[in-house]
Amino acid sequence: MRTICFLLLIVLTLFPGCDSKQDRLDSIRLQRLDSQMQGNPQKVMDSLTKIGAEALSRTNHGHYLLLDVVAKDKTNFIFRSDSLIVLASKILSKSKNDRPLLYARSLLYCGIVRHRMGINDGTAYEPIKHGIDFLKEKKIKNPLFFHLCYYYLGLIHTENNSMEYGAHYLKKAIETAKRLKNKRFLFNAYRDIAWTYMQMKKYDSVETCIDSLGRLAGISTSAKADRNYLLSVYYERTNNPRSALAVNQKLREGEIARNQNLSSIHYKISKDYLKLQALDSALLYAEKARREIADTSFYQNYSFYANIGEISAKMDKWQQSALAYQKAYELRDKAVSKELDTRIMELEKKYDLAEAQNKALEYRNRIVLISLASLAAVILLVSAVIILVQRQHRTKMKAVLAEQKNELLHQQTKNMERELIDKEFLLPLYQQVSQRNAAVKALLSDLKTNTHVSKNQQLASKIAETYADFVGSTALHPESFLSESKFEEFTGIRLENADTLNANEKMLLVLSCMKLDNRQIAILFNTSESGIRGRKAKLRAKIETLGMDANGIDL
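Presented here is an overview of the structure given in this document.

Procedures and definitions
- Residues numbered from 1 in each chain as written.
- Predicted model: local features only at pLDDT ≥ 70, side-chain atom pairs only at ≥ 80, totals over all residues.
- Heavy atoms only, no water.
- Helix = DSSP H or I, 4+ residues; strand = E, 2+ residues; numbered from the N terminus.
- Buried < 20%, exposed > 50% of the residue type's maximum accessible area, 1.4 Å probe, protein only.
- Contact = heavy atoms within 4.5 Å.
- Areas by Shrake-Rupley, 256 points an atom, 1.4 Å probe, with all protein chains shown as cover.
- Expected span 1.5 Å × (residues − 1).
- Core = buried A, V, L, I, M, F, W, Y, C linked by side-chain atoms within 4.5 Å.
- Salt bridge = Lys/Arg side-chain N within 4 Å of Asp/Glu carboxyl O.
- Polar contact = N/O pair within 3.5 Å; in protein donor to acceptor, adjacent residues only side chain to side chain.
- Phe/Tyr/Trp six-rings, centres within 6.5 Å; stacked < 30°, edge-to-face > 60°.
- Lys NZ or Arg CZ within 6 Å of the ring centre and 35° of its normal.
- Axes fitted to C-alpha atoms, helices over the stretch in contact; angles between N-to-C directions.
- Parallel < 35°, antiparallel > 145°, perpendicular 65-115°, else oblique.
- Left-handed = near helix turned anticlockwise from the far one by under 90°.
- Nonpolar A, V, L, I, M, F, W, Y, C, P; charged D, E, K, R; others polar.

## Remarks on the overall build of the chain
At step 1: Helix and strand counts for the chain stand at 26 helices and 0 strands.
At step 2: Evaluated residue by residue, the chain yields a buried proportion of 45% over its 555 residues.
At step 3: When contacts within the chain are restricted to residue pairs at least 6 apart in sequence, long-range pairs at least 24 apart make up 61% of them.
At step 4: When the accessible area of the chain is evaluated, it comes to approximately 30400 Å², of which 51% is carbon and sulfur surface.

## Looking at helix H11 (residues 221-237)
At step 1: Its 17 residues place the ends of H11 24 Å apart at the C-alpha level, agreeing with the 24 Å of an ideal helix rising 1.5 Å per residue.
At step 2: Listed in full, the buried residues belonging to H11 are Ala223, Ala225, Asn228, Leu230, Leu231, Ser232, Val233 and Tyr234.
At step 3: Phi turns positive one or two residues past the end of H11, at asparagine 239, with a value near 60°.

## Digging into the nonpolar core
At step 1: Counting 76 residues, the largest nonpolar core has Leu48, Tyr64, Ile85, Leu108 and Tyr109 as its most contacted members.
At step 2: Not counting the four nearest positions on each side in its chain, tyrosine 109 is found in contact with Leu66, Val69, Val70, Asp73, Lys74, Ile85 and Leu148.

## Quick notes on the pattern of salt bridges
At step 1: Applying the stated criterion across every chain, the model contains 12 salt bridges.
At step 2: Taking the shortest distance from any N to any O, the salt bridge between lysine 72 and aspartate 68 comes out at 3.4 Å. Of this pair, lysine 72 and aspartate 68 both sit in helix H3 (residues 58-74), 4 residues apart, roughly one helical turn.
At step 3: Given a relative accessible area of 15%, aspartate 68 falls into the buried group.
At step 4: As a salt-bridge pair, aspartate 192 and arginine 191 come within 3.3 Å of each other at their nearest N and O atoms.

## Some words on helix H24 (residues 503-513)
At step 1: Among the 11 residues in H24, 8 count as buried, and that is most of the element.
At step 2: Among the residues making up H24, those that are buried are Glu505, Lys506, Met507, Leu508, Leu509, Val510, Leu511 and Ser512.
At step 3: Between a side-chain oxygen at the N-terminus of H24 and the backbone nitrogen of asparagine 504 the separation is 3.1 Å; the capping residue is asparagine 502.
At step 4: Phi turns positive, to about 65°, at lysine 515, one or two residues after H24.

## A few points about the packing of aromatic side chains
At step 1: Tallied over the full model, the rule gives 10 aromatic pairs.
At step 2: Here phenylalanine 77 and phenylalanine 79 contribute two aromatic rings whose centre-to-centre distance is 5.1 Å and whose plane-to-plane angle is 75°, an arrangement assigned as edge-to-face.
At step 3: Residue class for phenylalanine 77 comes out partly exposed when judged on its relative accessible area of 40%.
At step 4: Between tyrosine 234 and tyrosine 235, the ring centres sit 5.7 Å apart and the planes meet at 50°, which makes this aromatic pair tilted.
At step 5: In this arrangement the basic side chain of lysine 268 is found over the ring face of tyrosine 229, its NZ or CZ atom lying 4.7 Å from the centre.
At step 6: In this structure, lysine 327 packs its charged tip against the face of tyrosine 305, placed 6.0 Å from the ring centre.

## Observations regarding unusual backbone geometry
At step 1: Despite not being glycine, lysine 139 has its phi angle at roughly 60°, a positive value.
At step 2: Relative to the elements of secondary structure, lysine 139 occurs in the loop between helix H6 (122-137) and helix H7 (143-159).
At step 3: Although it is not a glycine, lysine 201 sits at a positive phi angle of roughly 60°.
At step 4: Topologically, lysine 201 is positioned in the loop between helix H9 (183-199) and helix H10 (203-214).

## Re the packing of helix H5 (residues 100-116) against H6
A packed helix pair is summarised by two numbers, namely the angle formed by the two axes and the spacing between the axes.
At step 1: At a minimum axis separation of 7 Å, H5 and H6 run at an interaxial angle of 160°. Comparing the axis directions of H5 and H6 gives the class roughly antiparallel. Relative to H6, the crossing made by H5 is left-handed. Contact residues: H5 offers Pro100, Leu101, Tyr103, Ala104, Leu107, Leu108, Cys110, Gly111, Ile112 and Arg114, while H6 offers Thr123, Ala124, Pro127, Ile128, His130, Gly131, Phe134 and Leu135.
At step 2: Along the lines of polarity and charge, the residues of the contact of H5 with H6 split into 13 nonpolar, 4 polar and 1 charged.

## Regarding the side chain of serine 89
At step 1: Inspection of the secondary structure assignment puts serine 89 in helix H4 (residues 83-92).
At step 2: Classification of serine 89 by relative accessible area gives buried; the value is 9%.
At step 3: In this view, serine 89 contacts Tyr103, Ser106, Leu107 and Cys110; residues no more than four positions away in its chain are not counted.

Structural data, given as structure tokens:
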């Protein structure tokens, strides 16, 4: 009996020792694979398939999952879900004090995977920022980790149109890339901050970044193509079509050598020739761009046909111009419908599905009317009959919209009153914002000044009238839909206490009361998030000065 007990004791003593030894061996193996990640991610991925993940300890299993995600990211895997990296982060959080860098990397890749999936909201930003704060708290310095964090924070902010913040983080990424002496990291950071400055119209800064890219020796052929593309857009934006044409010809030669699609390059060359008034060459490359379109049904191809239509009109080739504009109209209509579908999905997240569908129909009709009205001037080159069709269509749609509005008002009940007021208030704002269609305005403006159109006095007058109506309809007038009673009902502030507030300040109070964030409010005001924060600060100071009771509204 004593012998049996002694043997059991030995077995129980040895097994934990064996498990601990295997755990250390697994950890060393994973660390070796991790060290090979930058040089050969495909080899790491192949090696991971030979490891039995189910036999790993908790921390090693989290490390295994993280390596799997990182290797996939570096081999251009298309992520459909973030569940794998979320699981890795959850597992590693249990041992974050023992393996802080491993846990921080899992947070970083939570953001990277979501960015790869096209998600650029707080769910992508927050984990990366938390990873930075966590390592700073632990006083751990890892230049590679911080470079990736700053780089992707810059991209995420830029995707959200927060250009100042995007440039701020990309500058930090450039600094860390210099410390790492990593030419690829430095090229990507300079390239992306140049595009950010391009959107901010800071062309001097763009030029500085392009010069910095040009000083990077030994870059790949694709990197040189990226730099040339950036340079061509810079020349186009700064009204230097001759230099842009020279760069675009180099891009064309490179694309031919790689047997790539030349459609977009030929389109750019055509636009350069058009600015130089070389119409024959412009039309030649415009037709080449059209013939080389990879997906002829892609809705955003309308610009290729609109370009042919514009050039043909300048050359008095009216039939060719009309056919091209007709095709551009059809594809543009698809683009508007696709954009509308996206906005409908956003509405459904905020409102009841049935109500959103009713409002979406009203929204769809208005966008279709604007698109038809803006392009009717072009179609008049073919037939004046379309003008009458558009007028009849607009009248019919207005009647339908008025009837729908009356039916909704009759169906209101006391317990749904606030919800319907919210929707009636918000939807006109979203509709006004969406009506700011820069492309439509530009098209009407070009037609208004077109020398060929001005020869037809009746047509020129109609285009000028349509342009003036469009500009007037897209102006934001909060006083037209924010009545005194609605202001009091939303904010709880009696109007006699708010006489000193202007219409925009009242609307800002209402939107804040409805819990809209700064990004949403910025879209409605057609400004930036930083601009909204500034307006809120001024409004808070004004309310405090007046001693007004804001009823706890969060500004």
